[in-house]
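Single-letter residue listing:
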Amino acid sequence: MIGRLFTIAVAGAGLLAGGAEAQIKSPDCGALAKWIQASNFSERERLNPYVTTSFSKPVIGEGFTRLFGKPAKSLSQADVAAARQAVDGCEKAAARAKDRATAKQFAGLEAEIARNLGPVLAMIEKADATLDPAVDRLVAFPPGMDMLRVVVGIRHFLATGDDRGVSAVYGGHVDRRIEAEVKAVFTALRNLPGDTASKRLPAKIDPLYAPSRDVVLKEAQERLAAAPASVAGLRDLDRDLERTKTTLGKLIPAAELAPVDEAAAKRRMAIHDQLVAEGKGKIDAMPVSLSSLAMLSQSGARPLSAGLPPERVQELEKHADARKEVIADAVLKAGKDKLAEFPASFEGLAQLDGFQQSFRTQAGPQIGMARVQQFDGAMRNRVAELAKAAAPDFKKRLAALPETREGIATLDGLMQGEVARLARLDKADIIGKSFAEPAAARRADMLAAVEKEEKRLEAKALPGQSFATPNGMLKIEFRDRSRAYVTAPTGDMVEANWEQDGKRVIVRVPNSNMVLERQGGNLVGGGWVLRPVAAK
């Protein structure tokens, strides 16, 4: 900030040859020349640590004061003009004396006064006139977080001399009007001697700290006290407290933050009380159902205890345990009553199987062994009723299955799937007698019929028959005892020779042979399954 402001300040600070009379003496040219020759004007002293603006050390030293009767830093613009005029007079005198070396030295001093000392003093004079008004405008803002940030930032600057800390503390976080005044203060300080701030700021800035701190602490306490009475509000309270202490911890000593901790603790306790009361109310309102029992058995009061301390969690857990016992008896009754809702059919038995597994899995471990045994007794009775009612329709279903390999596959799927699952429903083998045994008997009859038909088909002579894959990609027409027409997957038809060796049928097409086997009424081989094609 200083470098940028310095450039602007210097550009605007012209030589001010004011109308006031000069208050310096005109030096003796000989003594001045000796002083110049003994001095190194390249040695510089910076105005302050924040800018490159500087004075020549000999100019601000005792030699200059002795020669001109006044310290260089205290010169007015009229004094600067008089000093330049005196040095210029000595330069001209040396020129007239044809002492070019001395004239050149006088010219260098005159340039130092004109180009550096005069502009710097003008800049200081201008900045000094703006500092106090800027500070007064700054301190007129009301106390609060913005002013606390500014005060702490300026205190840091005064303690360390590092002005970057000011913008680091307030930058982007304060009212733009306040920021503008802070910048105005530091614009002036960058064009003033380095000790200006420590001499003139504390008296006006320090009194702002306590009022701003008190306002900030009060706002924090009020904000914490307004945290919603909920689990989310409790989390918000902790996060807000952490953020508040993190933020204020950079501005306020830890010992002064005690009111914030006290406000948070008070609000936290009030939220705990309300959460426990609401939790008990929710537990009492849980419906008498299997899902309620499962929830209490698996989770207890945990879903309602987020954010609560251990002793308050235990309070909720005891309340949940008491409610669980009440629900367990009601869940058992509801489960037994539910059994009557399943229809008296094979499908009803399948649904009953699913319900039993669900009830055992979800409620069994929670309601206790005695209640499970009561449920099992009711299950056995209902299974017997449904099995007796469903058996006739099941036998009709079996009788309707076609006596083919596909029909046998359908029956196998039924036996291995639904019938096998239903076997879990009872230990008295009611399912076996009502469904498994009839299904096994029907399968035996179907298999005998299928094998009989397959033997008949295998014995039938091939000439005059046609076979094709289900998708029609391959087709064979046996014309007589040695010739066949083969339609390839490409759609082309070729004439082939064929012969039969037991169950094997060899079809010789150009450049290839197909070896097929008669399996029932089909020809199988080479990845193909060809079925008989009915004659048109």
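Every value quoted in this text rests on a predicted model; they were computed, and no experiment measured them. (Residues numbered from 1 in each chain as written. Predicted model: local features only at pLDDT ≥ 70, side-chain atom pairs only at ≥ 80, totals over all residues. Heavy atoms only, no water.)

Novice: I'm lost on the sheet that holds strand β9 (residues 522–525) in this one. Help?
Specialist: One closed barrel accounts for 8 strands, arranged β3-β4-β5-β6-β7-β8-β9-β10; its pairing is antiparallel. Neighbour-to-neighbour, the strand axes of the sheet open up by a mean angle of 30 degrees, direction not taken into account. With 6 bridges joining them, strand β7 (residues 504–509) and strand β8 (residues 512–519) adopt antiparallel strand pairing. Across the sheet, Arg504 pairs through a bridge with Glu517, a residue of β8. (Pairing = 2+ DSSP bridges. Helix = DSSP H or I, 4+ residues; strand = E, 2+ residues; numbered from the N terminus. Axes fitted to C-alpha atoms, helices over the stretch in contact; angles between N-to-C directions.)

Novice: Even after reading the chapter, I still don't get the pairing of strand β4 (residues 475–478), so can you show me in this structure?
Specialist: Where a strand is regular, its side chains alternate between the two sheet faces. Two elements, strand β3 (residues 466–468) and β4, share 3 bridges in a ladder whose sense is antiparallel. What sits directly across from Ser466, in β4, is Glu477. Linkage of β3 to β4, two consecutive antiparallel strands, is achieved through a turn of 6 residues, within which Gly472 is found at a positive phi near 75 degrees. Pairing geometry for β4 and strand β5 (residues 483–487), over 4 bridges, is antiparallel. Across the sheet, the residue bridging to Glu477 is Tyr485, located in β5. Here β4 folds back onto β5, and the loop between the two strands holds 4 residues.

Novice: Looking at this model, I keep getting lost on empty space enclosed by the protein. Mind explaining?
Specialist: With a probe scaled to a water molecule rolled over the atoms, the places where space remains empty come into view. A full pass over the atoms with the stated rule returns 1 cavity of 30 Å³ or more. Estimated volume of the largest cavity: approximately 40 Å³. Taken together, Tyr50, Phe157, Leu189, Leu192, Pro193, Gly194, Thr196 and Ala197 make up the full set of residues lining the largest cavity. The residue makeup of the lining of the largest cavity, split by class, is 6 nonpolar, 2 polar and no charged. (1 Å grid on protein atoms, 1.4 Å probe; cavity = no way out; pocket = protein on both sides within 12 Å on 5 of 7 lines; lining within 4 Å. Points joined across faces, edges and corners; volume = space filled by probe spheres on them. Nonpolar A, V, L, I, M, F, W, Y, C, P; charged D, E, K, R; others polar.)

Novice: Help me out: how do you make sense of the layout of surface pockets in this one?
Specialist: Counted as a void, the largest pocket has a volume near 280 Å³. Secondary-structure elements contributing two or more residues to the lining of the largest pocket are α19 (405–422), α20 (430–459), β9 and β10 (528–533). With 5 residues, the top contributor of residues to the lining of the largest pocket is α20. Among the residues making up the lining of the largest pocket, the classes are represented as 5 nonpolar, 5 polar and 6 charged.

Novice: Help me out: how do you make sense of the state of the cysteines in this one?
Specialist: Note on terminology: disulfide describes a covalent bond linking the sulfur atoms of two cysteines. Summed over the entire model, instances satisfying the criterion amount to 1 disulfide. There is a disulfide in this structure between Cys29 and Cys90, and the S-S distance comes to 2.0 Å. As the torsion about the S-S bond is roughly -85 degrees, the Cys29-Cys90 disulfide counts as left-handed. A residue pair is termed long-range when its members are at least 10 positions apart, and Cys29 in helix α2 (residues 29–37) and Cys90 in helix α4 (residues 77–96) qualify at 61 residues. (Disulfide = S-S within 2.5 Å.)

Novice: How should the pattern of salt bridges be read in this particular structure?
Specialist: Side chains that differ in sign of charge can pair as their charged atoms come close. Applying the stated criterion to the full structure yields 34 salt bridges. With its nearest N and O atoms 2.6 Å apart, the salt bridge here joins Asp236 to Arg239. In this pair, Asp236 and Arg239 both sit in helix α12 (residues 231–249), 3 residues apart, roughly one turn of the helix. Judged by relative accessible area, Arg239 falls into the partly exposed class, the value being 40%. In this structure, Arg268 and Asp238 form a salt bridge, with 3.0 Å as the shortest nitrogen-oxygen distance. Placement of Arg268 in helix α13 (residues 258–284) and of Asp238 in helix α12 is noted, with a sequence separation of 30 residues between them. (Salt bridge = Lys/Arg side-chain N within 4 Å of Asp/Glu carboxyl O. Buried < 20%, exposed > 50% of the residue type's maximum accessible area, 1.4 Å probe, protein only.)

Novice: Quick question: what am I supposed to make of helix α16 (residues 346–362) here?
Specialist: In an α-helix, one full turn covers 3.6 residues, which means residues spaced three or four apart are oriented alike. For α16, built from 17 residues, the straight-helix expectation of 24 Å at 1.5 Å per residue is met to within 8% by its first-to-last C-alpha distance of 25 Å. By the burial criterion, the buried members of α16 are Phe346, Gly348, Leu349, Leu352, Asp353, Phe355, Gln356 and Phe359. On the buried face of α16, the contacting elements are α14 (290–299), α15 (310–339), α17 (364–367), α18 (369–399), α19 and α20. (Expected span 1.5 Å × (residues − 1). Contact = heavy atoms within 4.5 Å.)

Novice: How should the side chain of Arg518 be read in this particular structure?
Specialist: Tracing the backbone shows Arg518 in strand β8. A distance of 3.0 Å separates the side chain of Arg518 from the backbone oxygen of Lys460, its partner in a polar contact. Excluding anything up to four places from it in sequence, Arg518 contacts Leu457, Glu458, Lys460, Leu462, Gln465, Gln500, Lys503, Val505 and Leu523. (Polar contact = N/O pair within 3.5 Å; in protein donor to acceptor, adjacent residues only side chain to side chain.)

Novice: What's the story with the pairing of β10 in this structure? I'm lost.
Specialist: In the sheet, β3 pairs with β10 via 3 bridges, with the strands oriented antiparallel. Bridged to Phe467 within β10 is Pro532. Inspection of the sheet shows β9 paired to β10 by 3 bridges, in the antiparallel sense. Counted as the bridge partner of Val524 is Val529 from β10. Two successive antiparallel strands, β9 and β10, enclose a turn made up of 2 residues, where Gly526 displays a positive phi of approximately 60 degrees.

Novice: How should I be thinking about the packing of aromatic side chains in this particular structure?
Specialist: The full count for this structure, using the stated rule, is 11 aromatic pairs. These aromatic residues form a ring-pair network of at least three members: Trp35, Phe41, Phe64 and Phe68. The side chain of Arg155 reaches across the aromatic face of Tyr209, ending 4.6 Å from its centre. (Phe/Tyr/Trp six-rings, centres within 6.5 Å; stacked < 30°, edge-to-face > 60°. Lys NZ or Arg CZ within 6 Å of the ring centre and 35° of its normal.)

Novice: Teacher, can you tell me more about the environment of Thr244 here?
Specialist: With respect to the secondary-structure elements, Thr244 resides in helix α12. For Thr244, the residues in contact, after removing those within four places along its chain, are Ala220, Arg223, Gly249 and Val260.

Novice: What exactly am I supposed to notice about the environment of Ala363 here?
Specialist: Residue placement: Ala363 occurs in the loop between α16 and α17. The exposure class assigned to Ala363 is buried, which follows from its relative accessible area of 0%. Spatially, the C-alpha atoms of Ala363 and Arg456 are 58 Å apart, while their sequence positions differ by 93 residues. Residue contacts for Ala363: discarding those within four places in its chain leaves Leu290, Leu293, Val331 and Ser358.

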